[in-house]
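# Understanding the architecture of this molecule
Read off the chains here:
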Amino acid sequence: QVQLVESGGGLVQAGDSLRLSCAASGRTFSWSAMNWFRQAPGKEREFVAAVSWNGSSTYYADSVKGRFTIFRDDPKNTVNLQMNSLKPEDTAVYYCAQVFTQVPWVKDGDYQSSWSTVASQDYWGQGTQVTVSS
């Protein structure tokens, strides 16, 4: 009943910026988080960033702190990932996902580690490719 569609990927040079978007449709829940994951060839899918459904709280992986920003665009019912200062190691397929938290997430520090695991996600998009050349 929930569909997630990513867009915005492409080929850029190191130091450039990209903005990814995840459009959500169907039934949604207030007590949920929208996450971005990424997976490079030969590597496990890893957590990138998360935002609460109302956009008030965020959480980031250490590898992207200070460079990536996750935010919601409510009029378009989308979740965006602004990626700045891109590095070759950011090259991966980026996936949007939704997890039902079952409890309210009202502070950044209240983010639970279980919400960032691949197995915990309830819905996945099909991914969008991001390639960063040196």
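Shown above is the structure to which this text applies.
Now for a quick tour of the structure. All of these numbers come straight from a predicted model, not from anything done at the bench.

## Some points on the overall build of the chain
Looking only at helices and strands, the chain has zero helices and eleven strands in total. The secondary structure elements of the chain, listed N-terminal to C-terminal, are β-β-β-β-β-β-β-β-β-β-β. Here the C-alpha atoms of the chain give a radius of gyration of 14 Å, agreeing with the 14 Å that 2.2 N^0.38 yields for 134 residues. Residues classed as buried in the chain amount to 43% of the 134 residues present. Look at the contacts in the chain between residues 6 or more apart in sequence, and 62% of them connect residues 24 or more apart. Working note: accessible area of the chain is about 6,900 Å², and carbon and sulfur atoms make up 47% of it. The averaged location of the 12 negative side-chain charges in the chain is 2 Å from the averaged location of its 11 positive side-chain charges.

## Some thoughts on the environment of Ala40
In this fold, Ala40 is placed in the loop between strand E4 (32-39) and strand E5 (46-52). Ignoring anything within four residues of it in the chain, the contact list for Ala40 reads Thr91 and Ala92.

## A word on the pairing of strand E9 (residues 92-100)
For E9, the buried fraction is high: seven of the nine residues fall into the buried class. Note that E4 and E9 share eight bridges and pair antiparallel. When the sheet's bridge partners are listed, Asn35 is paired in E9 with Ala97. Both E9 and strand E10 (residues 123-124) contribute to a ladder of two bridges, which runs antiparallel.

## Some remarks on the packing of aromatic side chains
As enumerated under the stated definition, the model contains ten aromatic pairs in all. Geometrically, the ring pair formed by Trp105 and Tyr111 is tilted, given 4.8 Å between the ring centres and 55° between the ring planes. By the burial criterion, Trp105 is buried, and Tyr111 matches it. Ring plane angle 85° and centroid distance 5.4 Å describe the contact between Tyr111 and Trp115, whose orientation is recorded as edge-to-face. By relative accessible area, Tyr111 is classed as buried at 8%. According to the relative accessible area criterion, Trp115 is buried, its value standing at 4%. Residue placement shows Arg45 over the ring face of Tyr95; its charged tip is 3.7 Å from the ring centre. In this arrangement the basic side chain of Arg72 is found over the ring face of Trp53, its NZ or CZ atom lying 3.9 Å from the centre.

## Comments concerning unusual backbone geometry
Backbone geometry places Ser85, a non-glycine residue, at a positive phi of 50°. Mapping Ser85 onto the fold places it in the loop between strand E8 (78-83) and E9. Unusually for a residue other than glycine, Gln102 sits at a positive phi of about 70°. Following the sequence through the fold, Gln102 ends up in the loop between E9 and E10. Given the relative accessible area of 65%, Gln102 is considered exposed.

Basis of the calculations
- Residues numbered from 1 in each chain as written.
- Predicted model: local features only at pLDDT ≥ 70, side-chain atom pairs only at ≥ 80, totals over all residues.
- Heavy atoms only, no water.
- Helix = DSSP H or I, 4+ residues; strand = E, 2+ residues; numbered from the N terminus.
- Rg over C-alpha atoms; globule rule 2.2 N^0.38 Å.
- Buried < 20%, exposed > 50% of the residue type's maximum accessible area, 1.4 Å probe, protein only.
- Contact = heavy atoms within 4.5 Å.
- Areas by Shrake-Rupley, 256 points an atom, 1.4 Å probe, with all protein chains shown as cover.
- Lys, Arg positive; Asp, Glu negative; His and termini not counted.
- Charge placed at Lys NZ, Arg CZ, Asp CG, Glu CD.
- Pairing = 2+ DSSP bridges.
- Phe/Tyr/Trp six-rings, centres within 6.5 Å; stacked < 30°, edge-to-face > 60°.
- Lys NZ or Arg CZ within 6 Å of the ring centre and 35° of its normal.

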